[in-house]
Amino acid sequence: MVDLPHRVREAIRRDFPVLPVPSVPEIRLHRAGPKSGLWRLAEWDAAFSTPYWAHLWGGGIALARYVLDHPDSVAGKRVLDLGTGSGLVAIAARKAGASAVLASDNDRYALAAALLNAEINGEDIATIEGDLMSGPAPAVDIVLIGDLFYEQDLADRVSIFMDRCLADNIEIFVGDPGRAFLPRQRLQMLEEYAGTDFGIDGATNSSCNSVFAFRRDL
Ligand SMILES: C[S@@+](CC[C@H](N)C(=O)[O-])C[C@H]1O[C@@H](n2cnc3c(N)ncnc32)[C@H](O)[C@@H]1O
């Protein structure tokens, strides 16, 4: 019987080079390269889906930069990184002094990568697999959301979840490169970073990544 999680972790360690994150050089991540053999992971597991975790996202980069530059935003707080992907934002939050960081994703490979990435950066994070958005507000002080407004249905669900969190007095920060379904009318701009949105194919779609606070009303 093949221990798939072990096999995948070994593949990430071996075939996904560790590279510093542009604009966030404090953090290094396993990233997909030409020799990573993503196809092999897809062959091992029919449920393998688009490997967002193996790529950089403008929203995550901005949010990671923000918490590192403004450690007071997370220091001593319990943090949830919703849709963690590579774990970049979760790792940044822990580095900035968060008392505990929970990284969630509905892709189990993302969580495997996030744990490996946390390890190589000397940080400890907890993970939870699944979609937390249908459930109650989590037991945290702050929710960080990097680049989750790229699809209408997902964006709508994130917005409902954010409202549930606000009702429980949980702070919410969003990092985004200006995707189509960003709920701009509810967001207060905190910081703008010049830079690119990398995305799945390395294409650059924007020249600016922003960090916002989600507010009841503005
Ligand atoms: C564009 S990536 C952003 C990753 C990371 N937040 C960042 O900024 O680097 C979106 C991530 O959200 C995850 N995701 C999408 N829908 C989700 C859901 N319903 N519940 C949990 N995670 C989800 C994907 O698996 C993926 O890892």
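Provided above is the structure to which this section pertains.
Residues numbered from 1 in each chain as written. Predicted model: local features only at pLDDT ≥ 70, side-chain atom pairs only at ≥ 80, totals over all residues.

Participant: Pulling in residues and values, what's your account of the nonpolar core?
Facilitator: By size, the foremost hydrophobic cluster in this structure holds 63 residues, and its most contacted members are Ala 92, Ala 93 and Val 143. Of the residues forming this core, the biggest block, 8 residues, is contributed by helix α5 (residues 108-120). When near neighbours in sequence (up to four residues on either side) are disregarded, Ala 92 contacts Val 24, Ile 27, Ala 64, Val 67 and Leu 68. (Core = buried A, V, L, I, M, F, W, Y, C linked by C-beta atoms within 7 Å. Buried ≥ 20, exposed ≤ 12 C-beta atoms within 10 Å, placed from the backbone. Helix = DSSP H or I, 4+ residues; strand = E, 2+ residues; numbered from the N terminus. Contact = placed C-beta atoms within 7 Å.)

Participant: Now, about the packing of helix α1 (residues 4-15) against α5: what can you tell me, with residues and values included?
Facilitator: In the contact formed by α1 and α5, the axes pass within 10 Å of each other and the chain directions differ by 55°. Judged on the interaxial angle alone, α5 and α1 are oblique. Viewed along their axes, α1 and α5 form a crossing whose handedness is right-handed. Here Pro 5, Val 8, Arg 9, Ile 12 and Arg 13 of α1 lie close against α5, whose contacting residues are Tyr 109, Ala 112, Ala 113 and Leu 116. Class assignment of the residues belonging to the contact of α1 with α5 gives a composition of 7 nonpolar, no polar and 2 charged. (Axes fitted to C-alpha atoms, helices over the stretch in contact; angles between N-to-C directions. Parallel < 35°, antiparallel > 145°, perpendicular 65-115°, else oblique. Left-handed = near helix turned anticlockwise from the far one by under 90°. Nonpolar A, V, L, I, M, F, W, Y, C, P; charged D, E, K, R; others polar.)

Participant: How would you explain the site of the ligand if you had to name every residue and give the values?
Facilitator: Inspection of the region around the ligand gives 22 residues, with Tyr 52, Gly 60, Gly 83, Gly 85 and Gly 146 positioned closest. For the shell around the ligand, the secondary structure elements donating two or more residues are α3 (58-69), α4 (88-95) and β4 (100-105). When grouped by side-chain class, the residues that make up the shell around the ligand number 9 nonpolar, 9 polar and 4 charged. (Near = placed C-beta within 6 Å.)

Participant: Account for the sheet that holds strand β9 (residues 208-214), naming residues and giving values.
Facilitator: A sheet is described by the order of its strands in space; here 7 strands give the open sequence β5-β4-β3-β6-β7-β9-β8, paired in mixed fashion. With partners counted over all chains shown, the strands left at the sheet margins are β5 (126-129) and β8 (187-194), one partner each. Across the sheet, the mean angle from the axis of one strand to that of its neighbour is 20°, orientation sign disregarded. Sheet analysis places β8 next to β9, joined by 7 bridges and oriented antiparallel. Residue pairing in the sheet places Gln 188 in a bridge with Ala 213 of β9. The strands touched by α3 within the sheet are β6 (142-146), β7 (171-176), β8 and β9, with β9 carrying the most contacts at an inclination of about 65°. (Pairing = 2+ DSSP bridges.)

Participant: Which residues make up the environment of Leu 148, and what values do they have?
Facilitator: Along the chain, Leu 148 turns up in the loop between β6 and α6 (152-167). C-beta crowding within 10 Å serves as the criterion here: with 26 such atoms nearby, Leu 148 is assigned to the buried category. Linking Leu 148 and Trp 57, residues 91 residues apart in sequence, is a C-alpha distance of 9.9 Å.

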